[in-house]
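If you want the building blocks of each chain, they are given just below.
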Amino acid sequence: MKDKNKEFWKVINMMDFNGRGYQAAGRWLVEDSGLTFSEIKEIRNMAQRKVNVLYKKFCDDVRIGSDDGFDDVLWQTVANGFQSFHSCTAESLTEMYDENRYTESFAYSFHAVDRIEDEQFAANKFLKRERATKRIEEMRRFGGGFDQKLIAAFEHADNNNKRKLAKGFPEIFEHLVD
């Protein structure tokens with residue numbers, strides 16, 4: 001993304017939160033936007049930063065009864081796009097809340113990104129565990145006496161001692177304990 005700010009507002013517009021709702025907007029971002037995973041995370045992070053900017057600018061001036069409502073209005077302002085973000089005032093945000101011209105909550109669109117991160121973390125953890133298991137099998141077959149005794153000790157240890165072995169020999173066991 002060359003001009004990050006311009007690209008950000010283009011993506012926000014194409015997500016069409018107001019037309020699709022948060023689930024479909026999040027699905028579009030993840031499945032159909034054509035962005036890489038790191039670009040998708042950057043869009044999410046930029047959206048959060050935009051909301052933070054609005055919060056810092058208006059937290060003392062907007063008269064909204066609840067923090068949750070204020071948060072929803074700020075996210076809605078970002079979802080409404082570049083013009084809405086740059087032209088909002090404390091009065092316009094209060095009116096948006098009073099007249100119920102916001103939807104709960106554009107932030108939910110980015111839960112799809114969180115699910116990808118969770119899946120990616122689980123996949124990485126699985127792959128590391130598989131590699132560690134393969135390495136142990138190789139050590140069991142081809143390793144020397146110390147390696148074989150160390151593996152036998154790990155296999156017979158309780159969870160607490162497995163953690164201690166993983167701490168002492170992280171290159172072998174760290175991915176096999178929680």
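Residues numbered from 1 in each chain as written. Predicted model: local features only at pLDDT ≥ 70, side-chain atom pairs only at ≥ 80, totals over all residues. Heavy atoms only, no water.

Engineer: What am I meant to see in the overall build of the protein chain here?
Structural biologist: On a plain count of helices and strands, the protein chain comes out with eleven helices and zero strands. Ordered by position in the sequence, the α and β elements of the protein chain form the string α-α-α-α-α-α-α-α-α-α-α. Computed over C-alpha atoms, the radius of gyration of the protein chain comes to 25 Å, more than 25% over the 16 Å expected from 2.2 N^0.38 for 178 residues, which places it beyond the range of a compact globule. Burial statistics for the protein chain: of 178 residues in total, 35% are counted as buried. Within the protein chain, contacts between residues at least 6 apart in sequence are counted, and of these 62% link residues at least 24 apart. By element, 48% of the accessible surface of the protein chain is carried by carbon and sulfur atoms, the whole surface being about 11200 Å². A gap of 8 Å separates the mean positions of the 28 positive and 31 negative side-chain charges of the protein chain. (Helix = DSSP H or I, 4+ residues; strand = E, 2+ residues; numbered from the N terminus. Rg over C-alpha atoms; globule rule 2.2 N^0.38 Å. Buried < 20%, exposed > 50% of the residue type's maximum accessible area, 1.4 Å probe, protein only. Contact = heavy atoms within 4.5 Å. Areas by Shrake-Rupley, 256 points an atom, 1.4 Å probe, with all protein chains shown as cover. Lys, Arg positive; Asp, Glu negative; His and termini not counted. Charge placed at Lys NZ, Arg CZ, Asp CG, Glu CD.)

Engineer: Got a minute to help me understand the packing of aromatic side chains in this structure?
Structural biologist: Working definition: an aromatic ring pair is given by the centre-to-centre distance plus the angle between the planes. The full count for this structure, using the stated rule, is twelve aromatic pairs. Where F8 meets W9, the ring centres are 4.8 Å apart and the plane angle is 75°; that geometry is what we call edge-to-face. Judged by centre distance (5.6 Å) and plane angle (50°), the ring pair of Y55 and F70 falls under tilted. In this pair, Y55 is assigned in helix α4 (residues 37–58) and F70 in helix α5 (residues 67–79), connecting sequence segments 15 residues apart. Note on Y55: relative accessible area 43%, which makes it partly exposed. Taking relative accessible area as the criterion, F70 reaches 8% and is therefore assigned buried. A connected cluster of aromatic rings, assembled from ring pairs, spans F8, W9, F82 and F85. (Phe/Tyr/Trp six-rings, centres within 6.5 Å; stacked < 30°, edge-to-face > 60°.)

Engineer: Whenever I open this one, helix α3 (residues 22–32) confuses me. Can you help?
Structural biologist: In an α-helix, one turn spans 3.6 residues; hence positions three or four apart end up facing the same way. Within α3, the full set of buried residues consists of A25, G26, W28 and L29. The arc that holds the buried residues of α3, viewed along the axis, is 155°, so those residues lie on one side. Across α3 from its buried face, at more than 90 degrees, point the exposed residues Q23, E31 and D32. The first or second residue beyond α3 is G34, which carries a positive phi of 80°. (Arc of directions from axis to C-beta.)

Engineer: Would you take a moment to explain unusual backbone geometry for this structure?
Structural biologist: Excluding glycine, residues mostly carry a negative phi; peptide bonds, for their part, are mostly trans. You will see that D16, though not glycine, has its phi angle at about 50°, which is positive. Mapped onto the fold, D16 is located in the loop between α1 (4–15) and α2 (17–20). Relative accessible area serves as the criterion here: at 35%, D16 is assigned to the partly exposed category. Even without being a glycine, N100 presents a positive backbone phi close to 55°.

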